[in-house]
Each structure stands twice: as C-alpha cells, then as structure tokens.
Amino acid sequence: MTGRVRVAFTLVVLAFADACSGDPGETRAALHEPPFVAFDGGGSSFLPVARTLDQHCGTIDCHGQVGRNLRLYGSFGMRLAETDTPGCPTDVTAAEAEADYWTVVGLEPEMTATVYAERGGRPERLTVVQKARGAQAHKGGTVFPKGSDGDACLVSFFSGAVDAPSCNNSQRQNGEIPVPLCTPKPGSSP
Amino acid sequence: MTSRPLLVVLCLPSLIAIACADPVHDAAVEALGGEQPGVRKGPDHRPGQPCLTCHGGEGPASFQMAFGGTVYAHASGDAPVQDATVIVADAKGRTFQTTTNCAGNFWVPAKAFEPVFPATAAVMASGFSAAMTSIINRDGSCSSCHTAEQTQSSPGRVWIYPAGKDATPAHCVQMGDE
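Definitions and limits used
Residues numbered from 1 in each chain as written. Chains lettered and ligands numbered in written order. Predicted model: local features only at pLDDT ≥ 70, side-chain atom pairs only at ≥ 80, totals over all residues. Heavy atoms only, no water. Helix = DSSP H or I, 4+ residues; strand = E, 2+ residues; numbered from the N terminus. Buried < 20%, exposed > 50% of the residue type's maximum accessible area, 1.4 Å probe, protein only. Contact = heavy atoms within 4.5 Å. Disulfide = S-S within 2.5 Å. Pairing = 2+ DSSP bridges. Salt bridge = Lys/Arg side-chain N within 4 Å of Asp/Glu carboxyl O. Polar contact = N/O pair within 3.5 Å; in protein donor to acceptor, adjacent residues only side chain to side chain. Nonpolar A, V, L, I, M, F, W, Y, C, P; charged D, E, K, R; others polar. Axes fitted to C-alpha atoms, helices over the stretch in contact; angles between N-to-C directions. Phe/Tyr/Trp six-rings, centres within 6.5 Å; stacked < 30°, edge-to-face > 60°. pLDDT = per-residue confidence, 0-100.

**With respect to the overall build of chain A**
When you go through chain A residue by residue, the secondary structure sums to 8 helices and 0 strands. Start at the N end of chain A and walk to the C end: the helices and strands fall as α-α-α-α-α-α-α-α. Across the 190 residues in chain A, those meeting the buried criterion constitute 37%. Intrachain contacts of chain A at a sequence separation of at least 6 include 49% that bridge at least 24 residues.

Take a look at the structure:
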C-alpha cells in the first residue's frame, strides 16, 4: 500500500467511525412516557392499574410468571421481592407497581409515547390494548372488553390520567376475596 | 415402484411426525421423570406433579383432565390428605366437586367439566377449609403454580391443615401389596 492510499484508507475508516459515534442524546427521539409520579398514600399513579392487571392478567399461570414476555408482578402472581410469595403480602407493593409500569410502557415505547402525546387518542394502536380487548390473538382471550371497567382503566393510563374508579370497579372486591392463607416470611414486604 | 418414490413414501410419515412434534411439550413430559418405584400408572401416581402436562390433551396420557392436583396437609412436607373435598368453580358460576384419593390426588375429567376461565378452587377436610386467594386463568395443573416450596412464583403446595394438625395416615395399595 502506497503512502497516499494508506492515508485515504485511514480517513475513510475515521469517517465511518465518526458517523457511528454520534451523541445518542442528539440523535435519539425523546420518549414521553405517561407520568409515573408519587401521589397520596406513597404509592404511584400506576398503582390502581397495576392492581387491575394483577388480578386479571398477572396470575401465576399467565403474565405473573417467568415465561411471559409481558412480565407482571403482584399479589396474584410472581413477586418482585425474593422474600414475598404469591398472595402474601395481599396487595401489589409500590415496587411492584413501578416494575409493572416499566413493563407496560416498555412494551412499545414509541407507540406508547405517541398515544400519550395524543392524550390517549386511538389506544387500540397499542398491542397491550388489542390483546386485552381480544382484538389480537391472545391465549387469555378477551380480558377487558372494549368499554368495560378494566378497559377504561387501562386506556385511561395512556391518556395520562388514570381512571381510578374504573380501575377499582374492575377489581374483585374485598368481600369476594377469601382470607389469604399466608404467613409472611421474615423480611417480606409490609 | 422404483427406489426413489419408495423412499419418499417411507420417509413421508416420519417427516410428518417430526413436523407435528412439539419439542417444548416433549421436554416438559420428559422433565417429569419416571414413575415412582412400586407405584403403578393410575390415580395414585405422581402426586405433586403437574397433571395436565400429560393429561391435558397433548398426551401421552389418553385420559384428559380439566383440573388435577394433590392436596397436602401442610405447606411443606409430603403428607397427603385423603378424602378432602375439592370444589372448582368457573367464570359462569358452575361448580364441580370431587374427592382426593389415598395419594391426595384429585382430578376433574375434561369430559365432565369444561370450565370457562377464570376459575377458582377451594378445599375442605376434617372441618378445615382453604380457598384460593388468586384465580386460575388457564392452567388446570395445580402443581404448575403450587410447587413444593414457597417462592416468589409459588404459594407452596395446596395445603389445608394448620400447624399441629396432622393428616390421617393414608396408604395406597402398591405393587406387591395385593
């Protein structure tokens, strides 16, 4: 290789390297996720949604287990803390609500951001909504028919304003839930 | 018939068999291991194992179950509870009741009960009762979730007695007992 060719080759390599090493902050599209903020009671805005998902989707034989891509943690399924067990503690913990939040917004971040930016407009573009409504192949079938309390709960989240009453209505009420047979393990979540 | 068409005819069934095989299911069946020594295939076998792996319609067992499991005295230990009443209820409010045998095993025949999920279940024995706090969304094998140890992913066995209450010893007739 002559000196001139060697210089040209080096310049080409450097040019390619420079093209691939841009500042990710400048080139990546900013993602606007639905709000995940602390609200009264020390929980999160997602907690009512997490409770609904826990009961309807997050059982151990569905999304509350390691085999599912849409991983949900909660009382009805897999726990986030190693010291906790299904059913004990009896509620979704704050940490689990946060983990579930990231599961849901991380499924389709771009589309989630788009729907959120449009204040929840056309949420049926989201796979999680399609699956829940039974509009897309789903082993669990139709979990939240369009317009149901569960559907309103889930869809409201993507608008940025969780419809807590619908979330609560979609959950089994205290009287319907048997007293859990659980003895908390030492160090388990309160 | 020349040798090439003959070869195709001979290979075709094998290719179809390979195409139809489900390696995930096959692995799940294999993971169950062999029968316990002295226990013949039948109602008393494989307590604590996920029944529908074999009895769920994909084989190898021909008898199909909608639900199947084992009731134990306590969360840990292997003492089964015989004659426990098991009730399963589906989303339409229909129920099916059955009783555990000497191994603690119970099952709901698929022909007798076709549940609409979600379903739930309760167990009763000797004046004690336990109801599921969760719901069953699709898996009729109790032991898929109710494993021998309480973990992040399992509430432990299906168990019913409080500490201090022991199960009445049950004895299944085994090979060689007759």
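**With respect to the state of the cysteines**
Per the stated rule, a full pass over the model turns up 2 disulfides over all chains. Paired through a disulfide, Cys102(B) and Cys172(B) show a sulfur-sulfur distance of 2.0 Å. Its S-S torsion of about 115° marks the bond between Cys102(B) and Cys172(B) as right-handed, since a negative value means left-handed. Here the residue Cys102(B) occupies a position in the loop between β3 (95–99) and β4 (105–109), and Cys172(B) occupies one in the segment after β9 (158–159), the gap between them amounting to 70 residues. Judged by relative accessible area, Cys102(B) falls into the buried class, the value being 11%. The closest cysteine sulfur to the non-disulfide-bonded Cys62(A) is located on Cys57(A), 8.2 Å from its own sulfur.

**So, the pairing of strand β5 (residues 120–125) of chain B**
Residues and elements named next belong to chain B. Where burial is concerned, the two faces of β5 differ: the one with Ala121, Val123 and Ala125 is buried and the one with Thr120, Ala122 and Met124 is not. Direction of pairing for β5 relative to strand β6 (residues 128–131): antiparallel, over a ladder of 4 bridges. Bridging from a neighbouring strand, Ala125 pairs with Phe128 of β6. Between β5 and β6, which pair antiparallel one after the other, the connecting turn spans 2 residues, and Ser126 there sits at a positive phi close to 50°.

**A word on the interface of chain A and chain B**
Taken residue by residue, the interface counts 26 residues in chain A and 18 residues in chain B. At the boundary of chain A with chain B, the tally comes to 0 salt bridges. Across the contact surface, chain A and chain B share 8 residue pairs in polar contact (both at pLDDT 80 or more). The class makeup of the residues in the side of chain A that touches chain B is 12 nonpolar, 6 polar and 8 charged.

**A short note on the sheet that holds β5(B)**
All names here are of chain B. Sheet architecture is open: 4 strands sit in the order β3-β2-β5-β6, paired in antiparallel fashion. Of all the strands in the sheet, just β3 and β6 have a single pairing partner and so form its edges. Going from strand to strand, the sheet's axes swing by 15° on average, the running direction of each strand aside. Sheet topology places strand β2 (residues 85–89) next to β5; 5 bridges connect them, and they run antiparallel. Each residue of the ladder has a partner; that of Ile87, found in β5, is Ala122.

**Some details on the packing of aromatic side chains**
What characterises a pair of aromatic rings is the spacing of the ring centres plus the angle enclosed by the ring planes. A complete count under the given rule lists 8 aromatic pairs over all chains for this structure. Centre to centre, the rings of Phe157(A) and Phe158(A) are 5.1 Å apart; their planes meet at 65°, and the pair counts as edge-to-face. There is no split in this pair, since Phe157(A) and Phe158(A) are both buried. Ring geometry for Phe96(B) versus Phe113(B): centroids 5.8 Å apart, planes at 45°, classification tilted. With Phe96(B) in strand β3 and Phe113(B) in the loop between β4 and β5, the pair connects residues that are 17 residues apart, well separated along the chain.

**Regarding the pattern of salt bridges**
Per the counting criterion, the structure on display carries 7 salt bridges over all chains. The shortest N-O distance in the salt bridge between Arg125(A) and Glu118(A) comes to 2.6 Å.

**Looking at the sheet that holds β4(B)**
With respect to topology, 3 strands assemble into an open sheet ordered β4-β1-β9 (chain B), the strand pairing being mixed. Both edges of this open sheet fall to β4 and β9 of chain B, since each of them pairs with a single strand only.

**Description of the environment of Ala112(B)**
Relative to the helices and strands, Ala112(B) resides in the loop between β4 and β5. The spatial distance from the C-alpha of Ala112(B) to the C-alpha of Arg94(B) is 12 Å, given a sequence separation of 18 residues.

**Thoughts on the confidence of the model for chain A**
Averaged over chain A, the pLDDT score is 82; the fraction of residues at 70 or greater is 73%. Per-element averaging of pLDDT across chain A places helix α2 (residues 24–27) of chain A at the bottom with 50 and helix α6 (residues 127–133) of chain A at the top with 97.

**Things to note about the pairing of β3(B)**
Residues and elements named next belong to chain B. Judged by which residues are buried, β3 turns out to be one-sided: Phe96 and Thr98 face inward and are buried, whereas Thr95, Gln97 and Thr99, on the alternate face, are not. Two strands pair when backbone bridges link them, and β2 and β3 are joined in this way by 5 bridges, in the antiparallel orientation. Looking at β3, one finds that Ile87 is bridged to Gln97. If you look at the hairpin formed by β2 and β3, you'll find 5 residues sitting between the two strands, and Gly93 has a positive phi there, around 85°.

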